[in-house]
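One letter stands for each residue in the lines below.
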Amino acid sequence: MKKKNLKYVLIPAFAATTLFPVLTNDNQAHANENSDTVSAPVNNTAGNNETSTTETPTSNTSTNSSSTTDVKPNVASNNKVSTTNTEENTSSKPTIPFTVAEYKQKSALELAKLIREKKVTSTELVDLAYKVIADENPKLNAVLTTENGKIPKAIIDEAYRSAKEIDERIKAGNLAANPVNWEEQPFLGVPTLIKGLDSLKDGDASNGIYFNKGKVSKFSGAVAKEFEKLGFVILGQTNYPELGTRNITDSKLLGPAGNPWDPSRNTGGSSGGSAGAVASGMVSIASGSDAGGSIRIPASWTGLIGLKPTGHVVKFPLVKTIEDAKTYFDKTQISKPKTLEEVPTDLKKLKIAYTLKTPLKDVELSEDGKRAVLKAVDFLRKQGFTVEEINEFPIDGYEGIRTYTIGAIGGAYTAPAKAATEENKRDLDPATYALGTSSYRGKTANTDISSAKPAAEYINQMNEFYKKYDLFLMATNAVTAPSNDKKVDPYVDPEVEEKLYNINKIKDPKERFNLLVKQWEPMMRRTPFTWLFNLTGNPAISLPVYKSENNLPLGVMFAAKNNSEKILLEMGQLDRKSGSAGMP
């Protein structure tokens, strides 16, 4: 999988303590505790030598009704979790000093602290994480498995090898050949998962394309290597939509990802499998990537924290706590600006604009979206911030999306579209086929993009905005999580879908471009905000502040001028310093 050639096009509803901690100790939406004892976890997740990643049966996530239910985690019992490892990866202690439910609530740094204090080993945590994955994944489809429902054995073997090596280093202390440096590896021994679009040796290399079914990666990419450098133990990969295009996680090859708050609904995308894995408590942290909202959209819909660093296509994990986000950002070298805006001594001097409008003038923010934003505004004002409402979004979304679409034409979509025939083209997402057969350059040009404004125009508009305001607050998504039933919540209009599969019949290059733009509208109406900050490159963060009457999370998003990541993260930390409980 050549990552440098991938385009993650996640167009708007299209593609743990925080500020306002409504979901503090409750952002693990799902905890179906049928047992407090963990035994033989490896047998539940691997049993053969297969390493290819193939279609996960959709039925794994369709066992729940469409009605929403209160899925607040159950109170943990007092029973301890005993672990048995049938792969003879011997742990140094016989028991883990907390229950499954308690494990699901812990952050990555909390788990690392337990390892550092020798209260638990990395191998024991890997045992436990695989057990939770085995329990939760059949109904959520968050983690990629082979046709037999198992994570590839080679990946599991490597996870246990890595965990055992870490345990031995810790046990040996300063006598180890490579003594532990907790400053350099603050997450040492903590289990994690990485997004399926991030290549992992022996893992999925299909890009979610049905034609690539069974394709296996021969190497690990930059994200996996970065996670390993920071001390994480990688357990496997997470679900994503075809080529990361959609703002939901679903594809013909890998199937839909169920939202832990209500498995009949989607997690969002394209980092939806990672969001589902963290929100359900399989792991405390998982990698994500963002080219149009792919971190922030699922974070909002699953009650997590999602930072999009400065840049157009970026990488960052989905996390439960702001402390995990801050520590990861401090240590990573991926998607990190060389120079950063410093946090002011007094945060309250930051001037904040908020809006209840969307960038689409005919699309109104849902009542849940308005409540989420106003709840945040009320909190900020009580903390002493100056918060002003603006009644018109600084960028026209319908104009901006034309420019954004240009970046999706051709690229990674070209090869699968060229491989398609009239007989099998519907095995591709209609966007893949239409974008991959389109071109606006050279002799093969068939698409006229002249109606789109240059991206610099939108970048300049936001730069002018940030001269007046330091932070821009809005809902992350316009509505709560959509249904996995495409008849209820289609991501493309059926008539438009048919035109996309027959786009080569369109002879007018301007008409062709208009169709490519129009296809995003059903998605964009659900998530009209996030992609704008990929277009402009500005950093933004989604914070969990609100749950609907149906117990569905909805986040709010702060955006800021380039290189303001530390300021955004500090806003997420605000309640710690104020001593306020923030949101109920």
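Conventions adopted
- Every chain is numbered on its own, with residues counted from 1 as its sequence reads.
- With pLDDT at 70 or above as the cut-off, local features in this predicted model cover only qualifying residues; side-chain atom pairs require 80 or more to be listed or tallied, and sums for whole chains, interfaces and linings still use all residues.
- By convention in this description, side-chain values take in all heavy atoms of the structure and omit both hydrogens and water.
- In this scheme Phe, Tyr and Trp rings, the latter by its six-membered ring, pair at centre separations within 6.5 Å, and the angle between planes marks the pair as stacked below 30 degrees, edge-to-face above 60, and tilted otherwise.
- Only DSSP runs of H or I with at least four residues qualify as helices, and only runs of E with at least two residues qualify as strands; both kinds are numbered from the N terminus onward.
- Here's how the labels work: a residue is buried when its accessible area is under 20% of the maximum for its type, exposed when over 50%, partly exposed in between, all with a 1.4 Å probe on protein chains only.
- Note on geometry: a ring has a charge over it if NZ (lysine) or CZ (arginine) is within 6 Å of the ring centre and within 35 degrees of the ring normal.
- Any two residues whose heavy atoms approach within 4.5 Å at even a single point are treated as in contact.
- Between Lys or Arg on one side and Asp or Glu on the other, a salt bridge is scored when a side-chain nitrogen of the former is within 4 Å of a carboxyl oxygen of the latter.

1. Overview of the packing of aromatic side chains
Note on aromatic pairs: each is described by the distance of the centres and the angle between the planes. Counted under the stated rule, the structure contains 13 aromatic pairs. With a centroid separation of 5.2 Å and 45 degrees between ring planes, the pair formed by Phe393 and Phe472 is classed as tilted. With Phe393 in the loop between β13 (386-389) and α11 (397-406) and Phe472 in strand β14 (residues 471-475), this pair connects stretches of sequence that are 79 residues apart. With respect to burial, Phe393 and Phe472 carry one shared label: buried. In this structure, Lys106 packs its charged tip against the face of Phe98, placed 5.4 Å from the ring centre. Above the plane of the ring of Phe329 lies Lys336, whose end atom (NZ or CZ) is 5.3 Å from the centre.

2. Section: the environment of Ala159
Of note, Ala159 is situated in helix α5 (residues 153-172). When the C-alpha atoms of Ala159 and Phe232 are compared, they prove to be 9.5 Å apart, with 73 residues separating the residues in sequence. Other than its neighbours up to four places away in sequence, Ala159 contacts Tyr130, Val233, Ile234 and Leu235.

3. Re the pattern of salt bridges
Enumeration over the complete set of coordinates arrives at 33 salt bridges. Of the charged contacts, one joins Asp157 and Lys153 as a salt bridge, the two residues approaching to 2.8 Å between their closest N and O atoms. On the criterion of helical spacing, the pair formed by Asp157 and Lys153 is a turn pair, its members being four residues apart in helix α5. Residue classification places Asp157 among the partly exposed residues on the basis of a relative accessible area of 32%. Lys467 serves as the salt-bridge partner of Glu464, at 2.8 Å between the closest nitrogen and oxygen. Placement of both Glu464 and Lys467 in helix α14 (residues 455-468) is noted, with a separation of three residues, approximately one turn of the helix. On the accessibility criterion, Glu464 (48% relative accessible area) is partly exposed. One network of salt bridges, with partners in common, ties together Lys104, Glu136 and Lys139.

4. Focus on the environment of Val223
In this structure, Val223 sits in helix α6 (residues 222-229). Under the relative-accessibility criterion, Val223 is labelled buried at 8%. Spatially, the C-alpha atoms of Val223 and Gly288 are 9.3 Å apart, while their sequence positions differ by 65 residues. Ignoring anything within four residues of it in the chain, the contact list for Val223 reads Asp198, Ser287, Lys315 and Ile334.

Everything listed is a geometric property; what it means functionally is a separate question.
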